[in-house]
Amino acid sequence: MANIPDEILYTLILISSVFVGFPLRHLKSTSGRKFTTAGLGVLTVLCVCHVDFAYSFICFVINTLIIKLTHLKRLTLLSFIWCFTYLLFFRLTHLFGLPEPSRLANAVQLIQTLKLVSVASDIGEYRRDLYKKQAGDSSADGKKYHQRFRLQLEVEPDVVDLFCYTYCYVGLFTGPFFTYRTFHDYINNSSVRTLPLFAPLISRLMKLVVFVSMYFYINKYFSVAGVKSSHFNHDYSFLFRMFYVAMVFLVARFRFYSAWLAAECSCISLGFGAYAVECKARTGNGPTADANETQ
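Residues numbered from 1 in each chain as written. Predicted model: local features only at pLDDT ≥ 70, side-chain atom pairs only at ≥ 80, totals over all residues. Heavy atoms only, no water.

Asks: Just checking my understanding: could you explain empty space enclosed by the protein for this structure?
Replies: Over the atoms, a rolling probe the size of a water molecule traces out where space has been left empty. Overall, the coordinates contain 1 cavity of 30 Å³ or more when judged by the stated rule. Roughly 50 Å³ of internal volume is contained in the largest cavity. The wall of the largest cavity is formed by Ile13, Leu14, Ser17, Tyr169, Gly171, Leu172, Phe173, Thr174 and Ser266. Ranked by residue count, the leading element in the lining of the largest cavity is helix H1 (residues 6-24), at 3 residues. In terms of residue class, the lining of the largest cavity is made up of 5 nonpolar, 4 polar and no charged. (1 Å grid on protein atoms, 1.4 Å probe; cavity = no way out; pocket = protein on both sides within 12 Å on 5 of 7 lines; lining within 4 Å. Points joined across faces, edges and corners; volume = space filled by probe spheres on them. Helix = DSSP H or I, 4+ residues; strand = E, 2+ residues; numbered from the N terminus. Nonpolar A, V, L, I, M, F, W, Y, C, P; charged D, E, K, R; others polar.)

Asks: Explanation requested: the packing of aromatic side chains in the structure shown.
Replies: A ring pair, where both rings are aromatic, is described by two values, the distance of the centres and the angle of the planes. Enumeration over the complete set of coordinates arrives at 31 aromatic pairs. Arranged with centres 5.8 Å apart and planes meeting at 75°, the rings of Tyr165 and Phe178 form a pair that is edge-to-face. Separated by 13 residues along the polypeptide, Tyr165 in helix H7 (residues 159-166) and Phe178 in the loop between H7 and helix H8 (180-187) bring together distant segments of the chain. With relative accessibility at 3%, the residue Phe178 sits in the buried group. Seen in terms of ring centroids, Tyr165 and Tyr180 are 5.6 Å apart; in terms of plane orientation they differ by 80°. Their pairing is edge-to-face. Here Tyr165 is found in helix H7, whereas its partner Tyr180 is found in helix H8, with 15 residues between them in sequence. The exposure class of Tyr165 is buried, given its relative accessible area of 0%. (Phe/Tyr/Trp six-rings, centres within 6.5 Å; stacked < 30°, edge-to-face > 60°. Buried < 20%, exposed > 50% of the residue type's maximum accessible area, 1.4 Å probe, protein only.)

Asks: Can you help me understand helix H9 (residues 198-221) in this one?
Replies: Owing to its 3.6 residues per turn, the α-helix aligns residues three or four sequence positions apart on the same side. Helix length check: H9, at 24 residues, gives a terminal C-alpha distance of 35 Å against a target of 34 Å (1.5 Å per residue), a fit within 8%. Every buried residue of H9 is listed here: Leu201, Leu208, Tyr215 and Ile218. In this fold, the buried residues of H9 make contact with H1 and helix H12 (238-270). (Expected span 1.5 Å × (residues − 1). Contact = heavy atoms within 4.5 Å.)

Asks: Looking at this structure, how should I read the packing of H9 against H12?
Replies: The angle between the axes and the distance between the axes are what describe a pair of packed helices. Here H9 crosses H12 at 155°, and the two axes come no closer than 9 Å. In terms of axis orientation, H9 runs roughly antiparallel to H12. Regarding H9 and H12, the two cross each other, and that crossing is left-handed. Tallied by class, the residues present in the contact of H9 with H12 amount to 20 nonpolar, 2 polar and 4 charged. (Axes fitted to C-alpha atoms, helices over the stretch in contact; angles between N-to-C directions. Parallel < 35°, antiparallel > 145°, perpendicular 65-115°, else oblique. Left-handed = near helix turned anticlockwise from the far one by under 90°.)

Asks: Quick question: what am I supposed to make of unusual backbone geometry here?
Replies: Of note, the bond from Gly175 into Pro176 is cis; its omega dihedral lies within 30 degrees of zero at 5°. With respect to the helices, strands and loops of the structure, Pro176 is situated in the loop between H7 and H8. In this structure, His50 is a non-glycine residue whose phi angle is positive, near 60°. Positionally, His50 belongs in the loop between helix H2 (30-49) and helix H3 (53-69).

Asks: Explain the nonpolar core here, please?
Replies: Soluble, globular proteins show a tendency: their nonpolar side chains are buried together. Judged by nonpolar contacts, the single largest core of 46 residues is most densely connected at Val170, Phe173, Phe183 and Phe272. Those elements giving two or more residues to this core turn out to be H1, H2, H3, helix H4 (72-91), helix H5 (103-134), H7, H8 and H12. If one sorts the elements of this core by residue count, H5 sits on top with 9 residues. Residues Tyr215, Tyr244, Met247 and Val248 belong to the second largest nonpolar core, which totals 9 residues. (Core = buried A, V, L, I, M, F, W, Y, C linked by side-chain atoms within 4.5 Å.)

These figures capture arrangement, not role.
Right, here's the structure in full:
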């Protein structure tokens, strides 16, 4: 895959992530859903990023050590400092005499940074909630606090759970970002196969066709190559150059919208992130209400 342009690889990843979800939504066991989605993610990163996989793996290992060995008061802060300092190092590897990572490896690192800091924060809040319960906090604020974080984490994830969450193939290169609770609820959802599929998928695909068509049509007349040409500043007026640049930005937006819609389609085909209406779920964050208590 070394000779395939990043844009082509990116497109192939998006398309394959949509189609692979159809058979995977029929997996019956929790472990099957957990290990298969993580295995596909690891395999994809290894095939596409090659040795750059080591960057994301090192970040995961150190962050996991921080989670398991750090006192709860410093957990979120240390995870935040480590992940974003490492991200800065990742972007400046050429200054340390190391090969510059690929753009796709950069995409993985960005998503992983959000995931690792998020799960460290959730575990810190879970431990704080557990400490309050053990201390016998029965105040109104304490009960509200317990309810809030009971909906985020039910049990503290172990190292294997953290690894599977970090490398789950869903959104690994493109987003969307999702919390560990969303991943936990997916792998423990035994009714994934019965979730609506074609109606929500077709509605997104119709939008995707429009965005992709607009991208190719506008890019045909207003490409980045035109801005870089030697005659761009000499042959056109200032107003036309401003209009041209605005259209180039519009092309970029249609490209982003297409990628995000394709990523959303991959979630739908897998049955990932689906909740009952009563859960009042927030996108990527999981439920904000207990369905059993709102009925």
